[in-house]
Amino acid sequence: MSADTTTATSGIGPVEGGAGTAYGVDNPAPVIEAPRKRTAKTPRSTRGNFEMAAWLFMRLSGIVLVVLVLGHLLIQLVLDGGVSKIGFAFVAGRWASPFWQIWDLLMLWLAMLHGGNGLRTVINDYAERDTTRFWLKMLLYTATVFTVLLGTLVIFTFDPNIR
Amino acid sequence: MATPVLDKVEAESAASPYITVTFRVRRFNPEVSAEATWEDFQLEIDPKERVLDGLHKIKWELDGTLTFRRSCAHGICGSDAMRINGRNRLACKTLIKDINPEKPITIEPIKGLTVLKDLVVDMEPFFQAYRDVMPFLVTTGNEPTRERLQSPEDRERFDDTTKCILCAACTSSCPVFWNDGQYFGPAAIVNAHRFIFDSRDEAGEQRLEILNDKDGVWRCRTTFNCTDACPRGIEVTKAIQEVKRALITRRF
C-alpha cells in the first residue's frame, strides 16, 4: 500500500525506487531456503557403514560399561571401608594384578569412546554452522585421544616403587 | 412479566452450540514483510467442528488473504498438516472441543520446511527424501499375467506403514530434521519400510543401502515425536527400528 503512494507522488516505479525498504508483489521478502534442497555443494553419496558401526558400538559398549562402571564404583566407594581406603598403596596393589589392569584399561577405552561418540552425535545434531561443527569435533577428538593415550600409558608403565 | 422472557433468552443461549474461540494464526506474507507475526481472530463456532472449519470461516468471512492447504478435508489427502497448539496435527481431524477452546488456539505452519505464505510450506525437500527411497515396486523377470499374490501374513508384515498419507507431520516434528534438514526423515523411512518388508519387492537391499546413509536411519534418536505426531497412528519409530534391525542382521 505504501509502495502505491510513493509511486503516485514521485512518479518512480516500484522497481526503480525504494526497492530496499518496502516489500511488495514485485519485491517479495526472501524466504529462508530449505536445507535439504539439492545444490551443487550436496555430496553425491554419504553412504557407508561408519554410522552403523558407531550406533552398534554405543549399544554394545553401553552394556559392557554397566558391568565395568558399577563394579568399579562398588569396589572404590562402597566395599571394604569405602572411599577412605583409596590411596597410592591401594591403587598400586590393584594394578599388580593383570585382571584389574585389563578391567581399567577396558573401562578407560570403552568409556572414552562411548562418551566421545555420544558427544560427536550431540555436536552433529546441535552445531548450526559447518565451521563450528568442525572445530568442536576437532577439540573433542584431541581431548579423547589425549586422555585415552595418557591413561593407557599410565596403566602399562605404572611403577609401584616410584619415589 | 419480564422473568419468563429472560428465562427464554437464557434457555436459547444455552441451547445454542456456538462459542467464541480465538484463533491465533502465524501469518507470513513475503510481499508485505520479511517477519512472521501472530494474528488473532475471534469467531463464533460450534466446538464440535474442526479446526479446518474455523480456518474456512476466517478465510471466507473475516480475512480472505489467509492462506493454507487443504484438499479432501477428511484426513486422507494429507494436505493440511499444521502445528496446532504446539503439536503437529491435521486441521481436518482436530475437533475444537478437544484442544481447550477457552484459551487461544495457536496455529502455525509445520516446522523445518520453508514457509512460503501463512501456513503453506515448501514440501519439496520432504518429497525429495521420499523419492530417494524409491517408493515403488521393483521386480525382475517377466511380468505375471495375473496379480502378484501374497499370503495374508506377508501382507500383515508391512500393513502399518501402508497407511502413510505423506502429510509431513512426522518429519516436521523430528528435532533431528529441524536441525539441518539433511536427515531423511521418518516419512521417507516409513515408505521405504513399506517396500523393504514387502515379500513381492526385490529392491529391499538397495533401499537399505540408501538408508544406511550418514543421514539415514542412524540419525534417529528415538524421541518418538514422529509416533506422537502421526495422524494415522502409524508406529513410526517402531518402523525405523525395524529398518535398523534389518540393516544390522543383514551385515552380521
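You'll find the structure just up there.
Source: prediction; values computed, not measured.

(A) Structural view of the nonpolar core. Ranked by size, the top nonpolar core spans 73 residues in total, and within it F23(B), L55(B), I107(B) and L211(B) carry the most contacts. For L55(B), the contacting residues outside a window of four places in its chain are F23(B), L66(B), F68(B), M82(B), A91(B), I107(B) and L119(B). The next biggest cluster of nonpolar side chains, apart from the first, holds five residues, and it includes L65(A), L68(A), M107(A) and L110(A).

(B) Local environment of the pattern of salt bridges. Residues and elements named next belong to chain B. Inspection of the entire model under this criterion finds 25 salt bridges over all chains. Across the pair K97 and D98 runs a salt bridge, and its minimum N-O distance is 3.4 Å. Relative accessible area serves as the criterion here: at 45%, K97 is assigned to the partly exposed category. The partner of E205 in a salt bridge is R250, with the nearest N and O atoms 2.1 Å apart.

(C) Inspection of the packing of aromatic side chains at higher detail. One pass over the full model with this rule turns up nine aromatic pairs over all chains. Aromatic pair W55(A) and W218(B): ring centres 5.0 Å apart, planes at 50 degrees, arrangement tilted. One end of the pair, W55(A), is in helix α2 (residues 50-78); the other, W218(B), is in the loop between α7 (204-211) and α8 (225-229), on a second chain. Ring centres of F99(A) and W100(A) lie 4.9 Å apart, and the angle between their planes is 80 degrees; this geometry places the pair in the edge-to-face category. Judged by its relative accessible area of 49%, F99(A) falls in the partly exposed class. An aromatic cluster of three or more residues is present, and its members are F88(A), W95(A) and F158(A). Above the plane of the ring of W100(A) lies R94(A), whose end atom (NZ or CZ) is 4.6 Å from the centre. Of note, K111(B) hangs over the ring of W178(B), and the distance from its end group to the ring centre comes to 4.2 Å.

Reading the values: the criteria
Residue numbers run consecutively from 1 along every chain, following the written order of its sequence. For this description, chains carry letters from A and ligands carry numbers from 1, given in the order in which they are written. Where totals are concerned, whole chains, interfaces and linings use all residues; where local detail is concerned, this predicted model gives features only for residues with pLDDT of at least 70, and gives and counts side-chain atom pairs only at 80 or more. Only hydrogens and water are set aside; all other atoms, that is, all heavy atoms of the structure, feed into the side-chain values. Only buried residues count toward a nonpolar core. Its members are Ala, Val, Leu, Ile, Met, Phe, Trp, Tyr and Cys residues joined through side-chain atoms within 4.5 Å. The buried label applies to any residue whose accessible area, calculated with a 1.4 Å probe on protein chains only, is under 20% of its type's maximum; exposed applies above 50%, and partly exposed to all values in between. Note on definitions: a residue-residue contact is assigned when non-hydrogen atoms from the two residues lie within 4.5 Å. Here, a salt bridge means any side-chain nitrogen of Lys or Arg that lies within 4 Å of a carboxyl oxygen of Asp or Glu. Only rings of Phe, Tyr and Trp enter the pairing, Trp through its six-membered ring, and a pair is recorded when the two centres are within 6.5 Å. The plane angle decides the type: under 30 degrees is stacked, over 60 is edge-to-face, the rest tilted. Starting at the N terminus, helices and strands are each numbered in turn, a helix being any DSSP run of H or I of at least four residues and a strand any DSSP run of E of at least two. Here, a charge over a ring is recorded when the distance from Lys NZ or Arg CZ to the ring centre is within 6 Å and its angle to the ring normal is within 35 degrees.

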